[in-house]
Amino acid sequence: MSEPLVLELEVKPLDFLAAGETATQFKETLKSLGLPPEICRRAAIVVYEAEMNIVIHGGGGVMRLQVEEDKVTIMAEDEGPGIDDLELAMQEGYSSAPDFIREMGFGAGMGLPNIKRNANELYIDTAPGKGTKLRAVIYLNKGR
């Protein structure tokens, strides 16, 4: 694979019926490329959690999957309100999701911690009023 494979999908705001479809599509793509099940599983978790953050908080956005010979890169970008306190948002159980989201069973505060746990590298660019850009990298030939 010389040229990286890039897949890009739009994520709509508050579309809980479609939520998870991006993760499923990206996982199936990785499986079809013959990547190890553990890599596919970790990537699917990262994509799902990032996708849900865009659905719940980001006002919609874009998810990108880039597959290269040595790594899988997952990018999520939204135009939402941004994250006020990134350090706090990285703590397990912290959630800024409104009550109606929690009543649907989402917003438990595990999204960013799950992304960090399943990625080898995680970069988040965010600020209040600026939206959020997330990039997670999973290496194909290296353990966690």
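Use the structure listed above.
Summarised in this report is the structure supplied together with it. (Residues numbered from 1 in each chain as written. Predicted model: local features only at pLDDT ≥ 70, side-chain atom pairs only at ≥ 80, totals over all residues. Heavy atoms only, no water.)

### Quick notes on the overall build of the chain
Turning to step 1, where the next piece is worked out: Along the chain, the regular secondary structure elements total five helices and five strands.
Turning to step 2, where the next piece is worked out: Helices (α) and strands (β) of the chain occur, in sequence order from the N terminus, as β-α-α-β-β-α-α-α-β-β.
Turning to step 3, where the next piece is worked out: A globule of 144 residues ought to have a C-alpha radius of gyration of about 15 Å, and the chain, at 15 Å, matches this closely.
Turning to step 4, where the next piece is worked out: Dimensions of the chain, computed from the C-alpha atoms along their principal axes, are close to 45 × 30 × 25 Å.
Turning to step 5, where the next piece is worked out: In the chain, once contacts between residues fewer than 6 apart in sequence are set aside, the share between residues at least 24 apart is 63%.
Turning to step 6, where the next piece is worked out: Counting only carbon and sulfur atoms, one obtains 50% of the accessible surface of the chain, whose full area is about 7700 Å². (Helix = DSSP H or I, 4+ residues; strand = E, 2+ residues; numbered from the N terminus. Rg over C-alpha atoms; globule rule 2.2 N^0.38 Å. Contact = heavy atoms within 4.5 Å. Areas by Shrake-Rupley, 256 points an atom, 1.4 Å probe, with all protein chains shown as cover.)

### Overview of the sheet that holds strand 2 (residues 61-67)
Turning to step 1, where the next piece is worked out: Taken in spatial order, the five strands line up as 1-2-3-5-4 in an open sheet, and their pairing is antiparallel. Two strands lie at the open edges of the sheet, namely strand 1 (5-11) and strand 4 (121-127), each paired on one side alone. The mean angle between the axes of side-by-side strands here comes to 10°, regardless of whether they run parallel or antiparallel.
Turning to step 2, where the next piece is worked out: Taken together, the seven bridges between strand 4 and strand 5 (residues 131-139) define a ladder with antiparallel strand orientation. The partner of T126 across the bridge, within strand 5, is T132.
Turning to step 3, where the next piece is worked out: Sheet contacts for helix 2 (residues 37-56): strand 1, strand 2, strand 3 (71-78) and strand 5; angle to strand 3, the most-contacted strand, approximately 5°. (Pairing = 2+ DSSP bridges. Axes fitted to C-alpha atoms, helices over the stretch in contact; angles between N-to-C directions.)

### What about the nonpolar core?
Turning to step 1, where the next piece is worked out: One finds L30, M63, V72 and I74 to be the most contacted residues of the largest nonpolar core, which totals 34 residues.
Turning to step 2, where the next piece is worked out: Looking at this core, the elements with two or more residues in it are strand 1, helix 1 (21-32), helix 2, strand 2, strand 3, helix 5 (111-118) and strand 5.
Turning to step 3, where the next piece is worked out: The element that contributes the greatest number of residues to this core is helix 2, accounting for ten residues. (Core = buried A, V, L, I, M, F, W, Y, C linked by side-chain atoms within 4.5 Å. Buried < 20%, exposed > 50% of the residue type's maximum accessible area, 1.4 Å probe, protein only.)

### Let's talk about the environment of E77
Turning to step 1, where the next piece is worked out: Locating E77 in the fold gives a position in strand 3.
Turning to step 2, where the next piece is worked out: For the pair formed by E77 and E49, sequence separation is 28 residues and the distance between their alpha carbons is 13 Å.
Turning to step 3, where the next piece is worked out: With near-sequence residues (within four places) excluded, E77 lies in contact with I54, G60, G61, V62, R64, T132 and K133.

### A few points about the environment of V62
Turning to step 1, where the next piece is worked out: Mapped onto the elements of the fold, V62 is located in strand 2.
Turning to step 2, where the next piece is worked out: V62 gets classed as partly exposed once you look at its relative accessible area, which sits at 24%.
Turning to step 3, where the next piece is worked out: A sequence separation of 14 residues divides V62 from A76, and the C-alpha atoms of the two residues are 5.8 Å apart.
Turning to step 4, where the next piece is worked out: Ignoring anything within four residues of it in the chain, the contact list for V62 reads E8, L9, I54, M75, A76 and E77.

### A word on the packing of helix 1 against helix 2
Turning to step 1, where the next piece is worked out: Contact geometry for helix 1 and helix 2: axes closest at 8 Å, N-to-C directions at 160°. With respect to helix 2, the element helix 1 is oriented roughly antiparallel. Every pair of crossing elements has a handedness; the one defined by helix 1 and helix 2 is right-handed. Taking contact as the criterion, the partners of E21, T22, A23, F26, K27, L30 and K31 in helix 1 are, on helix 2, C40, A43, A44, V47, Y48 and E51.
Turning to step 2, where the next piece is worked out: Classifying every residue of the contact of helix 1 with helix 2 gives eight nonpolar, one polar and four charged. (Parallel < 35°, antiparallel > 145°, perpendicular 65-115°, else oblique. Left-handed = near helix turned anticlockwise from the far one by under 90°. Nonpolar A, V, L, I, M, F, W, Y, C, P; charged D, E, K, R; others polar.)

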